[in-house]
Amino acid sequence: MNRLFRTFFIFLLLLSTRTGFAATNEFQSNIKEKNDSYAVRQAISKDLSGLTSISSLEYHPARQTSTDLDALYSQAQTAQDELAQILMQISTGTQIETQVPGIKSYSRASDKVSSKLNGDASLLTDLARASIVTNNIHDLVAAYEALTGQTQVIKVKNRFASPKDSGYRDLNVLIRLPKSQMIAEVQLHLSEIANIKNGAEHQVYERVQAIETTAMSEGRGLNDIEQAQITRLRQVSHKQYHKAWLQYKRIDAANLITASVA
């Protein structure tokens, strides 16, 4: 009888330990999930420091719900309409500008899947896409917070913190839309930088393309003169982007001084 009692007691002890271990793991998992969510949704200071503190990250694999391009494309317009509605809610009553183009054309989408994505359409994350343009850092951070509050953040690329070689800066975000569950791309721009990208920078791009196309059509590499031309063109772009960025930094510094005096 004593041996039977001891065996039963040990069994209960082991069962209790395993249950407690599982509960602890579940609790820790829930805490991690909440912390991950909080890391995205916590308040960010709406100044230069806050903007550059937004981490470039990827919380979940950036994959659509299907690998079939036709299936994704049939849902793309619905997703674009959903994205437009979310951005309208964000921008209403503000000076925030939203730009919602048409969905990516089927031919361009198909070319991208075959040439860049190894035939995997689930990696195509910009069928539905839009841009947010603001005149100041405060509104850009506010728009980012509003966007992440209404959607699931999949990926963030903060080029304000780590600009491209050209000096170009933006905030590129992949989100999963709550209704359609499609991943969409949203780019957040500061207006002066966006103007350069769409104006002077685009002209530089076209001139560089023309030089490279000429060399390619003649079946040769770039010569020293052409390489020097491209270098000068890109330096001009970099100076323009740098000048625009300095303008925002000066405004931010002035705002900090005003706030400290007040």
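See the structure printed just above.
Here is what the cut-offs are and how they apply
Residues numbered from 1 in each chain as written. Predicted model: local features only at pLDDT ≥ 70, side-chain atom pairs only at ≥ 80, totals over all residues. Heavy atoms only, no water. Helix = DSSP H or I, 4+ residues; strand = E, 2+ residues; numbered from the N terminus. Buried < 20%, exposed > 50% of the residue type's maximum accessible area, 1.4 Å probe, protein only. Contact = heavy atoms within 4.5 Å. Areas by Shrake-Rupley, 256 points an atom, 1.4 Å probe, with all protein chains shown as cover. Axes fitted to C-alpha atoms, helices over the stretch in contact; angles between N-to-C directions. Parallel < 35°, antiparallel > 145°, perpendicular 65-115°, else oblique. Left-handed = near helix turned anticlockwise from the far one by under 90°. Phe/Tyr/Trp six-rings, centres within 6.5 Å; stacked < 30°, edge-to-face > 60°. Pairing = 2+ DSSP bridges. Salt bridge = Lys/Arg side-chain N within 4 Å of Asp/Glu carboxyl O.

### A look at the overall build of the protein
Okay, so step 1: Scanning the protein from terminus to terminus reveals eight helices and six strands.
Okay, so step 2: Order of helices (α) and strands (β) in the protein, N terminus to C terminus: α-α-β-α-β-α-β-α-β-β-β-α-α-α.
Okay, so step 3: For the protein, the residues scored as buried account for 37% of the 262 residues in total.
Okay, so step 4: Across the protein, the fraction of contacts at a sequence separation of at least 24, relative to all contacts at a separation of at least 6, is 70%.
Okay, so step 5: A total of about 15800 Å² of accessible surface is found on the protein, and carbon and sulfur atoms cover 54% of it.

### Quick word on the packing of helix α6 (residues 191–198) against helix α8 (residues 224–261)
A pair of packed helices can be characterised by two numbers: the angle between their axes and the separation between those axes.
Okay, so step 1: Relative orientation of the contacting elements α6 and α8 amounts to 170°, with a least axis distance of 9 Å. Taken together, the axis directions place α6 and α8 in an arrangement best described as roughly antiparallel. Remark: the crossing between α6 and α8 carries right-handed chirality. Of the residues in α8, those touching α6 at Ser191, Glu192, Ile193, Ile196 and Lys197 are Gln240, Tyr241, Ala244, Trp245, Gln247 and Tyr248.

### Considering the packing of aromatic side chains
Okay, so step 1: For the structure on display, the rule yields three aromatic pairs.
Okay, so step 2: Note on Tyr73 and Tyr106: the rings are 5.2 Å apart at their centroids and 85° apart in plane angle, and the pair reads as edge-to-face. Taken together, the residues span a long stretch of sequence, with Tyr73 in helix α3 (residues 69–91) and Tyr106 in helix α4 (residues 106–115) at a distance of 33 residues.
Okay, so step 3: Judged by relative accessible area, Tyr73 falls into the partly exposed class, the value being 22%.

### Describing the pairing of strand β6 (residues 183–190)
Okay, so step 1: Of all eight residues that make up β6, eight are buried, and the element is covered over most of its length.
Okay, so step 2: The alternating pattern of β6 places Ile183, Glu185, Gln187 and His189 and Ala184, Val186, Leu188 and Leu190 on opposite faces, both of which are buried.
Okay, so step 3: Here six bridges tie strand β3 (residues 129–134) to β6, and the two strands are oriented parallel to one another. If you follow Val133 over to β6, its bridge partner there is His189.

### Focus on the pattern of salt bridges
Pairs can form between side chains of opposite charge once their charged atoms are near each other.
Okay, so step 1: Evaluation of the coordinates by the stated rule reveals seven salt bridges.
Okay, so step 2: Between Lys112 and Asp126 there is a salt bridge, with its nearest N and O atoms 3.1 Å apart. On the criterion of sequence distance, the pair formed by Lys112 in helix α4 and Asp126 in the loop between α4 and β3 is long-range, its members being 14 residues apart.
Okay, so step 3: Judged by relative accessible area, which is 25%, Lys112 ranks as partly exposed.
Okay, so step 4: For Asp126, a relative accessible area of 8% gives the class buried.
Okay, so step 5: The network of salt bridges with shared partners includes Lys104, Lys112 and Asp126.

### Details of unusual backbone geometry
Okay, so step 1: Positive phi is not limited to glycine here, since Asn118 has a value of about 55°.
Okay, so step 2: Relative to the helices and strands, Asn118 is located in the loop between α4 and β3.
Okay, so step 3: Positive phi values are uncommon outside glycine, yet Gln181 reaches one of about 65°.
Okay, so step 4: Residue placement: Gln181 occurs in the loop between β5 (171–176) and β6.
Okay, so step 5: Using a relative accessible area of 36% as the deciding quantity, one classes Gln181 as partly exposed.

### Details of the sheet that holds strand β4 (residues 152–158)
Okay, so step 1: Sheet architecture is open: six strands sit in the order β1-β4-β5-β6-β3-β2, paired in mixed fashion. Lying at the two open borders of the sheet, with one neighbouring strand each, are β1 (57–58) and β2 (97–99).
Okay, so step 2: Those strands touched by α6 are β3 and β6, and its axis lies near 105° from that of β6.

What is shown is where atoms sit, not what they do.
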